[in-house]
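# Close look at the chain arrangement
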Amino acid sequence: MAGSNFVDYVKIFARSGHGGAGSAHFRREKFVAFGGPDGGDGGKGGSIILQGESQYWTLIHLKYQRHQFAEDGECGSGARSSGKDAKDIVIPVPLGTVAKQVFTDEETGETYTEVVGEVTEQGEQLVLLKGGRGGLGNWHFKTATNQAPRYAQPGEEGAEGTFILELKVLADVGLVGFPNAGKSTLLSVVSAAKPKIANYAFTTLEPNLGIVEARDHKSFVMADIPGIIEGAHEGKGIGTRFLRHIERNSVLLFMIPADSDDIQKDYDILLGELTQYNPELLDKQRLLAITKCDMIDEELEEQMRPLLPKDIPAIFISSVSGYHITELKDMLWKALHE
């Protein structure tokens, strides 16, 4: 992955700001011998906030900004002047970003994570760490029995923590297949996306998104995801790095080339990898495209039909010749809206 601009996992350390201290001040004016308490409140410390930004597609901007520290609020002063609130640090992230906080078990020393939340919409904010509240000035504590309180609240301390940010690409249709199954070629034909295409394994090292035009000016988003190999759920090949992106897709389009030695076996391997990574993936709508059908004739296509998996709608296509591409788009649109 060296030199890639696509980063879908980053660990950051963040600290929110302390609240400013309240002031224990008394009025001092000419001709006023005993001015009352007039200490102002402290300002709020800065919070650490994630914000969804639809023009961001990667977390690469955080790769070199792994420390995010907010400033402290200002202290209060006399004449009931409140200290200024510190600015929040608002971190733009792509839609589909999941934030997890890292904790360490004090007894065992083992680390574990807890999901803080996820950002899926433009402008949506997720607070990772709240800034400390400012302390109250001494004028708040004046009572009938204590006319001159010398006490003012200290500011509340900020918080700190380590967070993992993971991007799960948001797309309607995810392409699932072995390396070199024709996924990138299909995406380049049905959308304006320009993924790298070559006749060797792992040309695609990062997810590519394309907007597919359907009938009547409707459209949906398709994601070309790096090819699966057997053992991917254990991290082989590109492994689980890409499998997380499939979790967000509504429909999974399995792609197996027409020159496969055993289509059923290939389908079972792909399905097995998804199941072992996350069994819930089997709840998604699934379609099967037999690709590269410009290499076979209609007679061979008819002979292959009985050998296809029985539990999934299938279609023969060729991205090169355009064979059945419109029908495939119709099938995908229907699956998305069933």
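Refer to the structure printed above.
The paragraphs below set out a description of the structure included in this document. (Residues numbered from 1 in each chain as written. Predicted model: local features only at pLDDT ≥ 70, side-chain atom pairs only at ≥ 80, totals over all residues. Heavy atoms only, no water.)

Time to look at helix H6 (residues 325–336). Look at H6: 17 Å from first C-alpha to last across twelve residues, which is about the 16 Å you get at 1.5 Å a residue. Ile-325, Leu-328, Leu-332, Ala-335 and Leu-336 are the residues of H6 that are buried. Along the axis of H6, the buried residues cluster in a sector spanning 100 degrees; they form a single face. Looking at the buried residues of H6, the elements they touch are strand E9 (173–177), helix H2 (183–190), strand E11 (219–224), strand E12 (251–257), strand E13 (285–291) and strand E14 (314–316). (Helix = DSSP H or I, 4+ residues; strand = E, 2+ residues; numbered from the N terminus. Expected span 1.5 Å × (residues − 1). Buried < 20%, exposed > 50% of the residue type's maximum accessible area, 1.4 Å probe, protein only. Arc of directions from axis to C-beta. Contact = heavy atoms within 4.5 Å.)

This part covers the environment of Leu-307. Within the fold, Leu-307 resides in the loop between helix H5 (298–304) and E14. For the pair Leu-307 and Ile-263, spaced 44 residues apart in sequence, the C-alpha to C-alpha distance is 7.4 Å.

Mapped onto the fold, Gln-51 is located in strand E2 (residues 48–52). According to the relative accessible area criterion, Gln-51 is buried, its value standing at 19%. Within polar-contact distance, the side chain of Gln-51 engages the side chain of Glu-53 at 2.9 Å. Of the polar contacts made by the side chain of Gln-51, one reaches the side chain of Gln-125; its length is 2.6 Å. (Polar contact = N/O pair within 3.5 Å; in protein donor to acceptor, adjacent residues only side chain to side chain.)

For the rest of this paragraph, the subject is unusual backbone geometry. Phi angles above zero are rare outside glycine, and Ala-79 is one such case at about 60 degrees. As for its position among the elements, Ala-79 is in the loop between strand E3 (67–69) and strand E4 (89–93). Not every positive phi belongs to a glycine, and Lys-292 is a case in point at roughly 60 degrees. Looking at the secondary structure, you find Lys-292 in the loop between E13 and H5. Residue classification places Lys-292 among the partly exposed positions, given a relative accessible area of 23%.

A few words on the side chain of Asn-249. With respect to the element layout, Asn-249 can be found in the loop between helix H3 (240–246) and E12. On the accessibility criterion, Asn-249 (0% relative accessible area) is buried. Other than its neighbours up to four places away in sequence, Asn-249 contacts Val-169, Ala-171, Asp-172, Val-173, Gly-174, Ile-225 and Lys-284.

With that settled, the discussion passes to the nonpolar core. In terms of nonpolar packing, the biggest core is built from 26 residues, with Val-176, Ile-246, Phe-254, Leu-274, Ile-290, Met-304 and Phe-316 touching the most fellow members. Listing elements by their share of this core, those giving two or more residues are E12, helix H4 (263–277) and E13. With six residues, the single largest contributor to this core is H4. Those residues in contact with Phe-254 that lie beyond four places of it in its chain are Val-176, Tyr-267, Leu-270, Leu-271, Leu-274, Arg-286, Leu-287, Leu-288, Ala-289 and Ile-312. Residues Val-251, Ile-315, Ile-317 and Leu-336 belong to the second largest nonpolar core, which totals 21 residues. (Core = buried A, V, L, I, M, F, W, Y, C linked by side-chain atoms within 4.5 Å.)

In short, the description is geometric, and any link to function would need to be established separately.
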